[in-house]
Number of protein chains: 4
Amino acid sequence: MEHIDAFREAADTVVDLSADFRLDSEAEYDEWYDGHSRPELLEESVYALPERNRDELSGASLIAAGGCNATATILGLAPLFDGGILDGSEQLVVDVKVGSSEGGAGSSKASSHAERSGVVRPYAPTGHRHEAEIQAEFGCETAFSAHAVDMTRGAAATCHVFPNEPVTTGDLWGAFRETYDDEPFVRLVAGGTGVYRYPEPKAVAGTNYAEVGFELDPSNERIVVFSAIDNMMKGSAGQAVHAANISCGFEETAGLDFQGLHPVGAP
Amino acid sequence: MEHIDAFREAADTVVDLSADFRLDSEAEYDEWYDGHSRPELLEESVYALPERNRDELSGASLIAAGGCNATATILGLAPLFDGGILDGSEQLVVDVKVGSSEGGAGSSKASSHAERSGVVRPYAPTGHRHEAEIQAEFGCETAFSAHAVDMTRGAAATCHVFPNEPVTTGDLWGAFRETYDDEPFVRLVAGGTGVYRYPEPKAVAGTNYAEVGFELDPSNERIVVFSAIDNMMKGSAGQAVHAANISCGFEETAGLDFQGLHPVGAP
Amino acid sequence: MEHIDAFREAADTVVDLSADFRLDSEAEYDEWYDGHSRPELLEESVYALPERNRDELSGASLIAAGGCNATATILGLAPLFDGGILDGSEQLVVDVKVGSSEGGAGSSKASSHAERSGVVRPYAPTGHRHEAEIQAEFGCETAFSAHAVDMTRGAAATCHVFPNEPVTTGDLWGAFRETYDDEPFVRLVAGGTGVYRYPEPKAVAGTNYAEVGFELDPSNERIVVFSAIDNMMKGSAGQAVHAANISCGFEETAGLDFQGLHPVGAP
Amino acid sequence: MEHIDAFREAADTVVDLSADFRLDSEAEYDEWYDGHSRPELLEESVYALPERNRDELSGASLIAAGGCNATATILGLAPLFDGGILDGSEQLVVDVKVGSSEGGAGSSKASSHAERSGVVRPYAPTGHRHEAEIQAEFGCETAFSAHAVDMTRGAAATCHVFPNEPVTTGDLWGAFRETYDDEPFVRLVAGGTGVYRYPEPKAVAGTNYAEVGFELDPSNERIVVFSAIDNMMKGSAGQAVHAANISCGFEETAGLDFQGLHPVGAP
């Protein structure tokens, strides 16, 4: 936010990868972060999760690319809200597993290889700032926890939700297809018999794809939704390019058909 | 179950590491597994999770060591039930992350190094058989999902629960201390400022210890409970030795003060 | 070799990824493998390491794609032979580190995640069959050992060689540039100040690139040569496509400008 | 070296884990390091690799624990020198693979999880300072290169040596047994049919054991020697305790019969 004027002077369209312009108001920002220096821009800026708000992005000049964990979560749950299976009154539990690149390129004791390898480490178990973005999208609270696991790239969200009315697997297929059938970067992966039956970060590594899928648990009337992205692509840089393409009227997929893989973990 | 007579003839005390004698009745067994050949023994056998049922284990001659994921989950949630913070009417969401040794020593395409490395892979997202053990312990249903992650040894349970009455962090400390203060194999890890702030499988690798901890999320009235064990020790062999020690009247910790580490992943 | 007639009937150009047609004579084959069923084809078949034998590949109808470890080794050492720095009378020590995909897609106890993770495991410490290919290329013996390490894709060869005459770093740069300056799939990486100073499998994962580099050790008159490839691409499938392109007169790089990443380890 | 007087005043026996007192003379130190502030102590200090110099350690008051990579290398090659199979005139090539804990507890970009995971990264390919210790032990030069691989604890040395006279596998077994049969912390692992046929860091993780083994390559008259230690134990802290035990006249194995595992990678 300190440099935003210089950036906007230099370019007609600015896509910010930080969290500075993701929320809509100063009050909301202050609830989750600490003091905004340019609050008057919060209303103008457009949050970018292209699958959700293409129309707003068209022609937008200040864009805030969605956060990685929020992106994974929103893409997973959206069909349930779109399809009327959830209405916001239900309890949403989101349990996210993330790779080490989410911590950025800096170094710290916690991010060193010796400490970070092989962990299943709760981090931000409550109060994670990406909750604000999910709440803004669906208008309801989320019980969100993140865990660091042993990978470099990737974020996988598992959402446990309990619809008020009974649903069938067919209802779920219908809702997911309705929401995503025309999306160039969303793949539906639900079931099957091979090794890859549900969304997995491995399957989208280096790409701008999101995988979403689900399983219905009849015994406890639960839907388990899975969503996987590469946090460095769909969760940040890829999403930014996608948003810029829409804003500028380019082909949506322009520049997004290769795999970018630095850093990569253990290939 | 096919060999149980031979085993019992050979030894006065038998601890079974399989799932054959964990449930209490043939009906319950048939609901989760496929056909029991010796159902008359189900009532006699004692489920072993020593922290929960020492008294029953004393002198027991047929013992079923608790399942790894059930052990992790039950140890995490028990203080909340013991302390009256949960009463069984609440929704319990359990999201477990497990290492590759849970799949046993056999080999399959899915368990090969190339396919299994670096995954965050939903497995048994619904209907996991260890749910039956949790249900038997607490008398209520659990929304349980497991994920394979990149480690060899270890199981970490994250339980998201929503108590009917408000609780404080002090209430939680009180409940966990009350349940575990005298336990030789349970460590309470909740918060702090170092790298290891919550239970982690890394911290208990090769040992019979369980780590349990929690975080209170005031914004959505949620308690997040964390529990970590080594599935090869506290989740199977260690638990079996512990149970045998109690059954036979030995020192409880006998034979459990070393680290056993085969297989180990990337040390 | 059992199916080679059917393959050749079906296609004008056959590129074999197995080791069946890599060696030149039945005698040589029998020394390293066990009995060839079609020895009359050994002379006809062309070994494919395009950087070394483009001319032979042009128009070839039976091509044997070079082995992964041989490819890494040959690409590393070739400039030293081309440039007259080595003449074949020197002792060549080759110490290779490989990922789990070199073992193929099958499953075994040794290749299971629990056993294979985190290893530095000597395998084929002597008598590795790829020695035969190196020997055929340079006309001299190689002291070759392979080690399994914790990655899925990749082979890295470290060659320790002791030239008879003193050389300078300038001589080495000259030799490597002379051999590879026009090659589309070879990158020279030698020194610098960042994290990536020498060839690494991570840097070529999913691609048909080979990285080669070196360091001169004046104190013991040694050249250490490093070479890294993705065994699934430059070490097999990519090399096969490259060879087919040459044989058929296509653009050499056709079909080789994307990253193929199944299986991938921990991205 | 700056604090050595204070340490020696505080304790009768000082074991230094740094490299400050490992070499014998100021000239040697200056060749490999940069300026010694207390050179007069270099002659007094005793280098500690207990399997090699127990007698000197007895009663020593200033001890320098051997470096991890030097320890692995020396333990592997020692039987060949002891048994007269090598005399120092041969070319010794040592190719070492090490875990991330060798870099210490600090953090840097290169040691961050995202950059360090899954590497086969040449580091110190020439001029590694531990060469000085190997040279001091055997009186000959070594062609030494180290590679970072994906593990946290462990160092594995592969030594390629070419004896002047033919040897048999029996000669090698004899030499290794003669040198190590009475050693409490050295295990001979050479061949067999299981998964663990040669020394491996996984097999000694958390312990003070070294594993050594070999393979004879008749085709190129080479002996390949393998040696594996945990760099945090046998390669530093364990070696220090072992040396202190000898110096003080305690039981040699005192305090060394448990597995210490922080940090551990992916257990």
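In the nomenclature of an unreviewed UniProt entry, chain A corresponds to N-acetyl-gamma-glutamyl-phosphate reductase from the organism Halococcus thailandensis JCM 13552.

Undergrad: For helix H4 (residues 68-82) of chain B, give the residues involved together with the corresponding values.
TA: All names here are of chain B. Across its 15 residues, H4 extends 21 Å between first and last C-alpha, which sits within 8% of the 21 Å expected from 1.5 Å per residue. Residue Gly 76 marks the point of greatest curvature in H4, where the axis turns by about 35°; the proline Pro 79 follows within four residues. The buried count for H4 comes to 14 of 15 residues, which makes it a mostly enclosed element. Once H4 finishes, Gly 84 follows within two positions and takes phi at roughly 75°, a positive value.

Undergrad: Describe the interface of chain C and chain A, naming the residues involved and giving the relevant values.
TA: At the interface, 15 residues of chain C touch 15 residues of chain A. A buried area of about 1,300 Å², summed over both sides, lies between chain C and chain A, and 59% of it is on carbon and sulfur atoms. Considering only the surface of chain C that becomes buried against chain A, Lys202(C), Gln259(C) and Pro267(C) emerge as the three largest contributors, covering 46% of it. If you look at where chain C meets chain A, you find 0 salt bridges. At the junction of chain C and chain A, the tally comes to 9 residue pairs in polar contact (both at pLDDT 80 or more).

Undergrad: Which residues make up the relation of the copies chain C and chain A, and what values do they have?
TA: When chain C is fitted to chain A, the residual RMSD is 0.0 Å, and the transformation amounts to a turn of 180° plus an axial shift of 0.0 Å. On this basis, the relationship between the two copies can be described by a two-fold rotation axis. Closest approach to the rotation axis among the C-alpha atoms of chain C is made by Ala266(C), whose C-alpha sits 2.4 Å away. When the interface residues of chain C are mapped onto chain A, 100% of them are again interface residues, pointing to one common binding face.

Undergrad: Go over the confidence of the model for chain A with me, naming the residues and quoting the values.
TA: Confidence in the prediction of chain A, expressed as mean pLDDT, is 95, and 100% of residues score 70 or more. Scored as a whole, the predicted complex attains pTM 0.96, and scored at its interfaces, ipTM 0.95.

Undergrad: Break down the side chain of Gln239(C) for me, with residues and values.
TA: Mapped onto the secondary structure, Gln239(C) falls in helix H8 (residues 233-248). Discounting chain neighbours no more than four positions away, the residues touching Gln239(C) are Ala48(C), Leu49(C), Pro50(C), Ala65(C), Gly66(C), Thr71(C), Asn208(C), Met233(C) and Lys234(C).

Quick notes on the rules
Residues numbered from 1 in each chain as written. Chains lettered and ligands numbered in written order. Predicted model: local features only at pLDDT ≥ 70, side-chain atom pairs only at ≥ 80, totals over all residues. Heavy atoms only, no water. Helix = DSSP H or I, 4+ residues; strand = E, 2+ residues; numbered from the N terminus. Expected span 1.5 Å × (residues − 1). Bend = angle between axes of the 7 residues up to and from the residue. Buried < 20%, exposed > 50% of the residue type's maximum accessible area, 1.4 Å probe, protein only. Contact = heavy atoms within 4.5 Å. Buried area = accessible area lost by both parts, 1.4 Å probe. Salt bridge = Lys/Arg side-chain N within 4 Å of Asp/Glu carboxyl O. Polar contact = N/O pair within 3.5 Å; in protein donor to acceptor, adjacent residues only side chain to side chain. Least-squares fit on C-alpha atoms with pLDDT ≥ 70 in both. pLDDT = per-residue confidence, 0-100.

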